[in-house]
Amino acid sequence: MTSTRIRGGRVIDPSQGIDTVADLVLQDGKVVSIGTSTAAADVEIDATDMIVCPGLIDMHVSLREPGFEEDETIATGAAAALAGGITSVACMPDTQPVVDNRAAAEFIILQAGRAGLANVFPLGAVTKDCNGEELAEIGQLVEAGVVAFSDATRPLANAEIMRRALEYCGMFNRPIFNHPAVPELVHGGVMHEDYVSTELGLRGMPAAAEDIAVGRDIALAKVTGGRVHLQTISSLGSIDQIRRAKAAGLRVTAEITPHNFTLMDDRLRTFNSNYKVDPPLRTADHLAACIEGLQDGTIDAICSDHQPFAPEKKSRELNLVPFGASGLETLLPISIASLIEPGHLDWPQLIGKLTNGPAKILGIPKGTLATGADADVTIIDPQVEWTIDAAQFRSRGHNTPFDGWKVRGRARTVLVAGVVAYEV
Amino acid sequence: MNFVTDTDNSIKKRWTKRHLLGLEYLSADEITMILDQAAEFKRLAAQGETKLGLLRGTVVANLFFEPSTRTRTSFGLAAKRLSADIVEFSAAGSSLVKGETFIDTARNIEAMGVDQVVVRHSTPGAPHLLAQNLNTSVLNAGDGTHEHPTQALLDIFTIREHRGTLQGLTVALVGDISHSRVARSNIWGLTKLGARVIVCGPATLIPQHVEKLGVEVATDLDKILPELDCINLLRIQFERQRSGLFPSIAEYAHLFGMNGERLKTAKDDVMILAPGPINRGVEITPDVADGGHSVILDQVTNGLLIRMACLYLLNPKNSP
């Protein structure tokens, strides 16, 4: 019987509409109460001037193990998550071998258990080998503990396969996560197609490639009644369509990354490969639409789209470099810098996008401080000023566009199942 | 013997850039310095002074990660005219084939005591990557579809030589603008020196928002032809034709090819330029390529002088 009292913090739990200064009491890995507590506890944590919220959830992470351990392992990724204030991650199935069978999913759960750090929820592949052709063993993957399905960075290009996947997953009430892009429109592209791509002579990827795919997925959500989750949304056109789909009552959800609402395509003028991400960094009008989508609830969740790569893979010619940034350790501070500081969102809104927003989409019993819930808690110091230093990352991927950024606010203490798992 | 004249010295003294990565990053004044330096070398050559000792004791590495004949030969000869030693490198048959990265390859060559690196690469930004990773000066000899500064400089030099100035001239770049590094460098250089630039070609080969670079866009060559002082006919890359960017070579030649008939509607003193290699019968017919308006071979000659000027101005050592 271990009890913990987190004293005097600003407790924000959007799942219950709570935003109050209170004590949070945990016992035996579960939440006991939010309020004023005088009972003695085994562990006392002073949270004065801190924000106390459910442990953050990053619903879009690549952990690379098995197969690409030079980029990341489940243990290093889970450690990076904790350092970023994240207590649960959902990891993509594009490992080697791909998580398209029961054994592969069970391996991830086993490795995560061995690491004993953040909670890891595996996603299963929609199709065998993520090749977009034949459905994976979805039912057995569900039994193994997979929470949702995705072909990771590979768009589900075939509309018929997408339709059948939505119908089939409907039997298990699991969503399909799709990376929306029309492959033939983005093929060979390295950045957003606009003036800067023209200037630099770099092959562009038009926003229309995302808009068209989002439109198709919405149409298929309608025809199948299935749950479509649109990964890493970045375009004005997508956000408009998702807004209308939600208004029409379709089961469509969406996520966004901090780099897509923070950085613009002109960063590529440096030819720095850390700005090569997919979807690409876009222009001011798209960024404004992203912020609006976050404000009005069109976008449900903020995720890092953590794509760690060993240094030798990112220090090459731009067309040879893989897409993506290491994001677990910058998810919270960049969200604060881009959303809280300019006043686009308030704290409960931001915390919601990082806790119960993703929890609801993933269908996992996390992201809440309701009585009896798992005692995963993140304590954020909203005032501390610090500098992001990629060399200090727990992740093996030091590929970040935010290296050297001076930011304010970070996770100070992180508890998983009631136990302090990380502390600055 | 020292052939440096007072004029050379004054230009070299004013020059401050370490790398030549593209014309986007040069001012009109810096572009003019290169042109003036090339003109000075041309004057010396006319006096029979074709071998200068300006870069004696320095080493220039020609790093060509993409095939090229004329640019490579031109840089090689330019270095020799200045008495530099030259190291030739080609990607084919190199350690790149064994999996070495482009940066490591360049670093290894630099470690052998190279003072200047001339780089040609199929990826935009590759010279920028080298500039960040090497200590030597980096000269962009063409990076993918981004820039080809010395080609644009020699085009501009040739125009200036014939017309005295770029100010007020109307220059058309005709052909595949989307995939042309020559077009981008020309646009930067020509507009900075006061020319009016029109890009002309099939709509599928004109990139989005190109007008923000300060150019006008046309898709009807016959319509703009009478206004033009100079026409730069970019090479059509046959490999592009397969990806459906225009219907056929024949249709391209019909709409955008420069032939004797079409030339009749142009100004009497119109200049025809082409960065080469040219596809005879496609973007240009032989009667035009070899006719009185063509300055194509002047461009090749001037290319050598432009590259001498760039190597000289950018060389970190100021040898006697």
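Throughout, a residue's number is its position along its own chain's written sequence, starting from 1. Labels follow written order: the first chain is A, the first ligand is 1, and so on. Per-residue local features are limited, in this predicted model, to residues with pLDDT of at least 70; the limit for side-chain atom pairs, both in listing and counting, is 80 or more; totals at the level of whole chains, interfaces and linings are taken over all residues. Values shown for side chains rest on all heavy atoms present in the structure; no hydrogens or waters enter the calculation.

To continue, consider the domain arrangement of chain A. All names here are of chain A. We note that the domain assignment places domain 1 (3–51 + 375–423) and domain 2 (55–362) within chain A. If you average the C-alpha positions of domain 1 and of domain 2, the two centres end up 25 Å apart. Whether two residues are in contact is decided by their heavy atoms: any pair within 4.5 Å suffices. Facing the 35 residues of domain 1 at the interface are 45 residues of domain 2. By the criterion of area lost to domain 2, the three top residues of domain 1 are Arg396, Asn399 and Pro401, representing 23% of everything that side buries. A pair is scored as a salt bridge if a Lys or Arg side-chain nitrogen falls within 4 Å of a carboxyl oxygen belonging to Asp or Glu. In this structure, the salt-bridge partner of glutamate 341 is arginine 408, at a minimum N-O distance of 3.1 Å. For this analysis, a polar contact is any N or O atom pair within 3.5 Å, provided that within protein one partner can donate a hydrogen and the other can accept it, and provided that sequence-adjacent residues contribute only side-chain to side-chain pairs. The tally of links between domain 1 and domain 2 comes to 16 residue pairs in polar contact (both at pLDDT 80 or more). The helix count covers DSSP runs of H or I at least four residues long, the strand count covers runs of E at least two residues long, and both are numbered beginning at the N terminus. Where the side of domain 1 that touches domain 2 is concerned, the elements lending two or more residues are β1 (3–13), β16 (377–387), β17 (406–416) and β18 (419–423). Here the side of domain 1 that touches domain 2 takes eight residues from β17, the largest share from any one element. Either an automatic procedure or a domain database provided the assignment from which the domain bounds are taken. Here the quantity called buried area is the accessible surface, traced with a 1.4 Å probe, that two parts lose on coming together, added over both.

Let us look at the UniProt feature "active site" (unreviewed entry) in chain A. All names here are of chain A. Sites flagged by UniProt as "active site" (unreviewed entry) map to Asp305. The topology assignment puts aspartate 305 in the loop between β15 (301–302) and α11 (311–314). When near neighbours in sequence (up to four residues on either side) are disregarded, aspartate 305 contacts Asp58, His60, Thr232, Thr257, Asp278 and Ala325. UniProt positions are given in the numbering used here, feature names are shortened, and annotations may be inferred rather than shown by experiment.

Residues and elements named next belong to chain A. What the second largest pocket holds in volume is close to 800 Å³. Buried and open spaces are told apart on a 1 Å grid over the protein atoms alone, a cavity being a set of points where a 1.4 Å probe fits but cannot get out and a pocket being an open set with protein on both sides within 12 Å along at least five of seven lines. Residues with an atom within 4 Å of a point are the lining residues. In this structure, the second largest pocket is lined by 39 residues; those nearest its centre are Thr153, Arg154, Pro155, Asp278 and Phe323. In the lining of the second largest pocket, the residues fall into 17 nonpolar, 12 polar and 10 charged. Grid points are joined across faces, edges and corners, and a volume is the space filled by probe spheres set on the points. When residues are sorted by character, Ala, Val, Leu, Ile, Met, Phe, Trp, Tyr, Cys and Pro go into the nonpolar class, Asp, Glu, Lys and Arg into the charged class, and all the rest, Gly among them, into the polar class.

Now for the packing of aromatic side chains. Pairing of aromatic rings covers Phe, Tyr and the six-membered ring of Trp, with a centre-to-centre limit of 6.5 Å; geometry is then stacked below 30 degrees between planes, edge-to-face above 60, and tilted otherwise. Enumeration according to the criterion identifies seven aromatic pairs over all chains in this entry. Centre to centre, the rings of Phe65(B) and Phe102(B) are 4.8 Å apart; their planes meet at 85°, and the pair counts as edge-to-face. In this pair, Phe65(B) sits in the loop between β1 (59–64) and α3 (70–81) while Phe102(B) sits in helix α4 (residues 102–111), placing the two residues 37 residues apart along the sequence. There is no split in this pair, since Phe65(B) and Phe102(B) are both buried. Where Phe246(B) meets Tyr252(B), the ring centres are 5.5 Å apart and the plane angle is 45°; that geometry is what we call tilted. You'll find Phe246(B) and Tyr252(B) in the same group, each marked buried. Site record: aromatic cluster; members linked through ring pairs are Phe65(B), Phe89(B) and Phe102(B). A positively charged side chain is recorded as over a ring if its NZ (Lys) or CZ (Arg) lies within 6 Å of the ring centre. The angle to the ring normal must also be within 35 degrees. Sitting over the ring of Trp386(A), Arg410(A) keeps its end group 3.8 Å from the ring centre. Sitting above the plane of the Tyr312(B) ring, Lys12(B) keeps its charged end 5.0 Å from the centroid. Only protein chains enter the area calculation, which uses a 1.4 Å probe; residues under 20% of their type maximum are buried, those over 50% are exposed, and those in between are partly exposed.

This part is about the interface of chain B and chain A. Residue-level contacts link 22 residues of chain B with 16 residues of chain A. Carbon and sulfur atoms make up 54% of the area that chain B and chain A hide from each other, which totals about 1600 Å². Ranking the residues of chain B by area buried against chain A places Thr123(B), Pro124(B) and Gln208(B) at the top, with a combined share of 24%. Taken together, the connections running from chain B to chain A amount to zero salt bridges. The tally of links from chain B across to chain A stands at seven residue pairs in polar contact (both at pLDDT 80 or more). Elements that contribute at least two residues to the side of chain B that touches chain A include exactly α4, α5 (126–133) and α7 (181–192) of chain B.

Another point: empty space enclosed by the protein. Residues and elements named next belong to chain A. In total, this model carries three cavities of 30 Å³ or more according to the counting rule given. Approximately 50 Å³ is the volume found for the largest cavity. Lining the largest cavity, in full, are Pro258, His259, Ser304, Ala325, Ser326, Gly327, Thr330, Leu331, Pro401 and Phe402. Taken as a whole, the second largest cavity holds about 40 Å³ of empty space. Every residue along the wall of the second largest cavity is listed here: Pro54, Gly55, Thr87, Ser88, Pro365, Lys366, Gly367, Thr368, Asp374 and Asp376.

Right, let's talk about the pairing of strand β3 (residues 30–35) of chain A for a bit. Residue and element names in this part refer to chain A. Pairing between strands is defined by DSSP: at least two bridges between the two strands are required. Across five bridges, the pairing between strand β2 (residues 18–27) and β3 is antiparallel. Following the sheet pairing, glutamine 27 is matched in β3 by lysine 30. Where β2 hands over to β3, the hairpin turn is made up of two residues, of which aspartate 28 adopts a positive phi near 50°.

Residue and element names in this part refer to chain A. With numbering matched to this structure, UniProt assigns "binding site: Zn(2+) 2" (unreviewed entry) to His179. Checked against the element boundaries, histidine 179 lands in the loop between β10 (176–178) and α5 (183–186). Discounting chain neighbours no more than four positions away, the residues touching histidine 179 are Ala152, Thr153, Pro155, Gln231, Thr232, Asp278 and Pro279.

Further remarks concern the UniProt feature "binding site: L-aspartate" (unreviewed entry) in chain B. What UniProt calls "binding site: L-aspartate" (unreviewed entry) maps, in this numbering, to Lys98(B), Arg181(B) and Arg235(B). You can see Arg235(B) is positioned in the loop between β8 (230–233) and α9 (238–241).

The subject of this paragraph is helix α10 (residues 249–256) of chain B. Residue and element names in this part refer to chain B. Along α10, the residues classified as buried are Tyr252, Ala253 and Phe256. End-on, the buried residues of α10 take up no more than an arc of 100°, which puts them together on one face. Away from its buried face by more than 90 degrees, α10 exposes Ala250 and His254. Residues of α10 that are buried make contact with β5 (170–174), β6 (196–200), α8 (221–224) and α11 (260–263). Each direction from the helix axis to a C-beta atom contributes to the arc, which is the arc of those directions.

This brings us to the pattern of salt bridges. Within the structure shown, the criterion is met by 40 salt bridges over all chains. Note that Lys246(A) and Asp300(A) form a salt bridge whose closest N and O atoms lie 2.7 Å from each other. Placement of Lys246(A) in helix α8 (residues 236–247) and of Asp300(A) in the loop between α10 (284–295) and β15 is noted, with a sequence separation of 54 residues between them. The partner of Asp229(B) in a salt bridge is Lys267(B), and the shortest N-O contact between them spans 2.9 Å. In this pair, Asp229(B) sits in the loop between α8 and β8 while Lys267(B) sits in the loop between α11 and β9 (271–273), placing the two residues 38 residues apart along the sequence. Given the relative accessible area of 31%, Lys267(B) is considered partly exposed. If you follow the salt bridges from partner to partner, you end up with Lys30(A), Lys366(A), Asp374(A) and Asp376(A) in one network.

What follows covers the domain arrangement of chain B. All names here are of chain B. Domain annotation for chain B reports domain 1 (6–147 + 303–314) and domain 2 (149–300). Summarising the inter-unit geometry, the C-alpha centres of domain 1 and domain 2 are found 25 Å apart. Counting residues at the interface gives 34 residues for domain 1, matched by 25 residues for domain 2. Across the domain 1 to domain 2 interface the summed buried area is about 2300 Å²; carbon plus sulfur atoms make up 63%. In this structure, arginine 181 engages glutamate 66 in a salt bridge whose closest nitrogen and oxygen atoms are separated by 3.0 Å. Where domain 1 packs against domain 2, one counts 12 residue pairs in polar contact (both at pLDDT 80 or more). Every element with two or more residues in the side of domain 1 that touches domain 2 is listed here: α2 (28–46), α3, β3 (116–121), β4 (137–143) and α13 (296–314). When residues of the side of domain 1 that touches domain 2 are assigned to their parent elements, the largest contribution, nine residues, is made by α2. Of the residues that constitute the side of domain 1 that touches domain 2, the class distribution is 16 nonpolar, nine polar and nine charged.

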